[in-house]
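So you can see what is in the structure, the chains are spelled out below.
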Amino acid sequence: MSTDISGVGQPGFVARHDLADPTRQAAAQEVAARIRELDLRTVRLAVVDQHGVPRGKMLSPQAAIAAMSDGLDFSGAIYSLDTGNQVFVPAFAAGGGFGIEEFTGFPDVVVVPDPATFRVLPWADHTGWMLCDVYFGNGQPVPLDGRGLLRRTLASLGEAGYDFLAGIEIEFYIVNRSPGELAPENAGFTPDPPPVSVFERGYQFLSEVRLDGMSDTLEALRDALDAIGLLPRSMEDEWGPGQLEFSFSPISGLAAADAAVLFRSAVKQVCQRRGLLATFMCRPALPNFFSSGWHLHQSLLSRPDGSNAFASESGPLSDLGRHYVAGLLEHAVPMTVFGVPTVNGYKRFRPYSFAPDRVCWAVENRGALVRVQGAAGDTSSHVEMRVGEPAANPYLYLASNIAAGLDGIRRALEPPPPVSADPYAVEAPALPMSLAAAVDALDADGFYRKAFGDSLIAYLVMMKRFEIERYEDALASRPIPDGQDVSDWEMREYFEFF
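Described in the following lines is the structure provided in the data block.

Each value, and the rule that gives it
Residues numbered from 1 in each chain as written. Predicted model: local features only at pLDDT ≥ 70, side-chain atom pairs only at ≥ 80, totals over all residues. Heavy atoms only, no water. Buried < 20%, exposed > 50% of the residue type's maximum accessible area, 1.4 Å probe, protein only. Helix = DSSP H or I, 4+ residues; strand = E, 2+ residues; numbered from the N terminus. Arc of directions from axis to C-beta. Core = buried A, V, L, I, M, F, W, Y, C linked by side-chain atoms within 4.5 Å. Pairing = 2+ DSSP bridges. Phe/Tyr/Trp six-rings, centres within 6.5 Å; stacked < 30°, edge-to-face > 60°. Expected span 1.5 Å × (residues − 1). Salt bridge = Lys/Arg side-chain N within 4 Å of Asp/Glu carboxyl O. 1 Å grid on protein atoms, 1.4 Å probe; cavity = no way out; pocket = protein on both sides within 12 Å on 5 of 7 lines; lining within 4 Å. Points joined across faces, edges and corners; volume = space filled by probe spheres on them. Nonpolar A, V, L, I, M, F, W, Y, C, P; charged D, E, K, R; others polar. Polar contact = N/O pair within 3.5 Å; in protein donor to acceptor, adjacent residues only side chain to side chain.

1. Let's talk about helix α11 (residues 435-443)
Moving on, step 1. Those residues of α11 not exposed but buried are Leu435, Ala438, Val439 and Leu442. Seen end-on, α11 carries its buried residues on one side only, within an arc spanning 100°.

2. Notes on the nonpolar core
Moving on, step 1. By size, the foremost hydrophobic cluster in this structure holds 148 residues, and its most contacted members are Phe263, Leu300 and Tyr448.
Moving on, step 2. With twelve residues, the single largest contributor to this core is helix α7 (residues 254-272).

3. Thoughts on the pairing of strand β4 (residues 108-113)
Moving on, step 1. Counted residue by residue, β4 has five buried out of six residues, so it is predominantly covered.
Moving on, step 2. Of the strand pairs in this sheet, strand β3 (residues 72-75) and β4 are connected by four bridges, and their pairing is antiparallel. Residue pairing in the sheet places serine 75 in a bridge with aspartate 108 of β4.
Moving on, step 3. Sheet analysis places β4 next to strand β6 (residues 127-135), joined by four bridges and oriented antiparallel.

4. Comments concerning the pairing of strand β10 (residues 243-247)
Moving on, step 1. When you tally the buried positions in β10, you get five out of five residues, the bulk of the element.
Moving on, step 2. Sheet topology note: the strand β7 (residues 162-177)/β10 ladder contains five bridges and is antiparallel. Within β10, the residue paired with tyrosine 173 across the bridge is glutamine 243.

5. Thoughts on the packing of aromatic side chains
Moving on, step 1. The full count for this structure, using the stated rule, is 28 aromatic pairs.
Moving on, step 2. Ring plane angle 35° and centroid distance 5.7 Å describe the contact between phenylalanine 246 and phenylalanine 263, whose orientation is recorded as tilted. Taken together, the residues span a long stretch of sequence, with phenylalanine 246 in strand β10 and phenylalanine 263 in helix α7 at a distance of 17 residues. Just as phenylalanine 246 is buried, phenylalanine 263 falls in that class too.
Moving on, step 3. Pairing phenylalanine 447 with tyrosine 448 gives two aromatic rings, centres 4.9 Å apart and planes at 70°, and the pair type is edge-to-face.

6. Examining α7
Moving on, step 1. Taking 1.5 Å of rise per residue, 19 residues should cover 27 Å, and α7 covers 28 Å from first to last C-alpha, within 8% of that figure.
Moving on, step 2. Burial analysis of α7 places 17 of its 19 residues in the buried class, which makes it a mostly covered element.

7. A word on the pattern of salt bridges
Moving on, step 1. Tallied over the entire structure, the rule returns 27 salt bridges.
Moving on, step 2. Taking the shortest distance from any N to any O, the salt bridge between arginine 322 and glutamate 414 comes out at 3.3 Å. Of this pair, arginine 322 sits in helix α8 (residues 319-330) while glutamate 414 sits in the loop between α10 (394-410) and α11, and the two are 92 residues apart along the sequence.
Moving on, step 3. Arginine 322 sits in the partly exposed class, given a relative accessible area of 25%.
Moving on, step 4. The partly exposed category is assigned to glutamate 414, whose relative accessible area is 46%.
Moving on, step 5. Across the pair arginine 411 and glutamate 330 runs a salt bridge, and its minimum N-O distance is 3.6 Å. With arginine 411 in the loop between α10 and α11 and glutamate 330 in helix α8, this residue pair connects regions lying 81 residues apart in the sequence.
Moving on, step 6. Judged by its relative accessible area of 44%, arginine 411 is partly exposed.

8. Here's the deal with unusual backbone geometry
Moving on, step 1. With an omega of 0°, the peptide bond running from arginine 303 to proline 304 counts as cis.
Moving on, step 2. Along the chain, the position of proline 304 falls in the loop between β13 (294-302) and α8.
Moving on, step 3. The residue asparagine 85 is not glycine, and still its phi comes out positive at about 65°.
Moving on, step 4. When you line up the elements, asparagine 85 lands in the loop between β3 and β4.
Moving on, step 5. In this structure, alanine 412 takes a positive phi of about 50° despite not being glycine.
Moving on, step 6. Here alanine 412 is to be found in the loop between α10 and α11.

9. A short note on empty space enclosed by the protein
Moving on, step 1. Taken as a whole and assessed by the stated rule, the structure comprises two cavities of 30 Å³ or more.
Moving on, step 2. The wall of the largest cavity is formed by Gln50, His51, Val337, Phe338, Pro341, Asn393, Leu396, Leu460, Met463 and Lys464.
Moving on, step 3. Secondary structure elements with two or more residues in the lining of the largest cavity: α9 (332-339) and α13 (454-477).
Moving on, step 4. Counting residues per element, the lining of the largest cavity draws most heavily on α13, at three residues.
Moving on, step 5. Here the lining of the largest cavity is built from residues that sort into six nonpolar, three polar and one charged.
Moving on, step 6. Its boundaries defined by the atoms lining it, the second largest cavity holds a volume of some 70 Å³.
Moving on, step 7. For the second largest cavity, the lining is made up of 14 residues, of which Ser80, Gly96, Phe103, Gly105 and Phe106 are closest to its centre.
Moving on, step 8. Of the residues belonging to the lining of the second largest cavity, the class tally is nine nonpolar, five polar and no charged.

10. Examining the side chain of arginine 283
Moving on, step 1. Within the secondary structure, arginine 283 is located in the loop between β12 (276-279) and β13.
Moving on, step 2. Residue class for arginine 283 comes out buried when judged on its relative accessible area of 12%.
Moving on, step 3. Reaching out from arginine 283, the side chain makes a polar contact with the side chain of serine 291 at a distance of 2.9 Å.
Moving on, step 4. Of the polar contacts made by the side chain of arginine 283, one reaches the side chain of aspartate 485; its length is 3.1 Å.

Shape descriptors only; they carry no functional weight alone.
Dropping the structure here:
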């Protein structure tokens, strides 16, 4: 165990708390060698917060290498911030205000870089990047860390004999930032959204000409994503002006959520360097803009042969796949908060919008909550969860699906008959139509409290109710203008942040 003083974390933190197996140790040594070999000048260490947004520090190469064995002190105050960067708990209350003793007094946490996530960022000069896991100073994992939650959920799935495979398909907007400096009087808390103009015309779904009009930026995004191991499988022109959809080849386990984080961050950074703004806000309050979604494709691979456990010779989905779907439907209502964590995201749920509005499933029907893609003998059969918005925390979104599907498998649940025609006309339970209703459903739900821990659920409920209260106060003082369904508050809160 090292006793050298590195100036970061605690000497020998990783070894002392048994946080590294031989595979991780070898990976850390390899990353240290690459940092030196590439003569990197900076390594960014990123922590994904409760909103799914990376927060980080830029370290010297020596400090980053030391952090892989000693950890890095990082302010735990980030867990006290809602989407508007507002502190939503009583300052300096015992237990941090949410009943976790180690959070008393706004302490530091210790973040440990995961060498498996190491990348060199092609758009930044001599700069590396790693995601981190989060621990208290006593070596215990922070229960509010979504990455740790997903890792534990995947371990439970592995104990049942399966691995998780995800296909990521996310819609978002690119807009032009209008010229002009941000005046100090407009840089308040929370500032007005930046003035923007349309990046490309819309209303020509999948238009090759529209894509070519954006080609300079799309090629820059393609090359940047390829350089960090995330070459898009497809880049498509969506319905709205400057609205795009990127999809990726299937990615397994924790790496799928890591990829979603890195994808969103990379897109925003490459765009801002070009004078553009990429936003993953679901429904911007801009004329002629439409909602964006995050469709999560998923299947299970059987251990040890890696075969698709959802494939069947007799139908579009195996018995195990049907049990998984039944679990998704069983827990869909309280699950909604994990896939749609903003006030704004619920503006997407409306009939005949290609977004779901009720709890049902179907084979090859884009109006259903859960869409099955496959046929008898199709080895790629899988299910698509269509509830999510692009701003969802990837770790919570994936974990909530896996936990629900695994519950369906364990209990051998059977889903109701699939919808054969119009999913917007079938009698089925409604999805929550507001964040407030979704939070109430999660608060009353026993399944996710048991699966994810009471600390995390109580924390999310508290944070979201504070956000909802600020939204309602804003509407009381400044109602939504006639003919507009998205408030100015939502634009200030989500447009630039996500």
